[in-house]
Amino acid sequence: MYRNSFQSGFLSILYSVGSKPLQIWDKKVRNGHIKRITDNDIQSLVLEVEGTNVSTTYITCPTDPKKGLGIKLPFLVMIIKNLKKYFTFEVQVVDDKDMRRRFRASNFQSTTRIKTFSCTLPLRLDEGWNYIQFNLPDFTWQTFRTKYIETHRVQIHANCRIRRVYFSDRLYSEDELPAEFKLYLSKSRHR
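For every chain, the first residue of the written sequence is number 1, and numbering continues from 1 onward in sequence order. Residue-level local features of this predicted model are given only where pLDDT is at least 70; pairs of side-chain atoms are given and counted only at 80 or more, and the full residue set underlies all totals for whole chains, interfaces and linings. In computing side-chain properties, one takes all heavy atoms of the structure into account and sets aside hydrogens as well as water.

Observations concerning unusual backbone geometry
What counts, and what does not: To qualify as a helix, a DSSP run of H or I must reach at least 4 residues; to qualify as a strand, a run of E must reach at least 2; elements of each kind are numbered from the N terminus. Buried means the residue's accessible area, taken with a 1.4 Å probe over protein chains only, is under 20% of the maximum for its type, while exposed means over 50%, and partly exposed covers the values in between.
The peptide bond linking Cys-61 to Pro-62 adopts the cis configuration, its omega dihedral lying at 5°. On the secondary structure map, Pro-62 appears in the loop between β5 (58-61) and β6 (75-82). Residues Ala-158 and Asn-159 are joined by a peptide bond in cis, for which omega reads 15°. In this fold, Asn-159 is placed in the loop between β12 (148-157) and β13 (160-168). Of note in the backbone geometry, Asn-31 takes a positive phi value of approximately 60° without being a glycine. The topology assignment puts Asn-31 in the loop between β2 (26-28) and β3 (32-39). Classification of Asn-31 by relative accessible area gives exposed; the value is 57%.

Some remarks on helix α1 (residues 136-144)
For clarity, the threshold we go by: Working note: the arc is built from the helix axis to C-beta atom directions. Polar contact is the term for a pair of N or O atoms within 3.5 Å; when the atoms are in protein, one must be able to donate a hydrogen and the other to accept it, and sequence-neighboring residues count only if both atoms are side-chain atoms.
Those residues of α1 that fall on the buried side of the exposure criterion are Leu-136, Thr-140, Thr-143 and Phe-144. Seen from one end, α1 has its buried residues packed into an arc of 80°, which puts them on one side. If you check the start of α1, you find a side-chain oxygen 3.1 Å away from the backbone N of Asp-138, and it comes from Asn-135. One or two positions beyond α1, positive phi appears at Arg-145, with a value near 60°.

Details of the packing of aromatic side chains
We apply this condition: Classification of ring pairs uses Phe, Tyr and Trp, with its six-membered ring standing for Trp, and accepts pairs whose centres are within 6.5 Å; under 30 degrees between planes counts as stacked, over 60 as edge-to-face, and the remaining range as tilted.
The final tally for this structure, using the stated rule, is eleven aromatic pairs. Both rings, one in Tyr-86 and one in Phe-108, keep their centres 5.0 Å apart while their planes meet at 55°; by these two values the pair is tilted. Taken as a pair, Tyr-86 in the loop between β6 and β7 (88-95) and Phe-108 in the loop between β8 (100-106) and β9 (113-114) lie far apart in primary sequence, 22 residues in all. For Tyr-86, a relative accessible area of 55% corresponds to the exposed category. With a centroid separation of 6.3 Å and 35° between ring planes, the pair formed by Phe-87 and Phe-89 is classed as tilted. Accessibility assignment for this pair places Phe-87 and Phe-89 in one class, buried.

Below you can see the structure in the form of structure tokens.
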């Protein structure tokens, strides 16, 4: 999808406020919902992915299972709200051995498990909104002892609210982020 595009700075693949936030995403829903709502904490539109089973309600990018994203930027950043329910996401990367490797992070996983082509990781989310920053080259090297080449696919499962999903060339401090990439919490927030 993006393999032949110039990639630097930020590359957003989901923005909940955009006119068609799921334009390049496919959705699967069973016993749940995927819809845009207004989140009270940030007073803005977000995408809510909720379901009784994390494996049957999710969004995946790109829509065509035969195609890959081809994103070479090394950092995946997701702005996600913790709904205090089971939540998981997956990232599939291609390494220098031309192998597809999958990382799956879950808040219900307690230990890291490494297999030849996959790695499951525990994920701890704070209450409310979280910036999840995933250093893809570092994880690929630490887990498989191979070099990260590109991201092939991203899948986000129930249960969460999503503000934005993007890739960046490095980690940026809050002050360096463009305004539309920042999360503004409402001052009249209730806990």
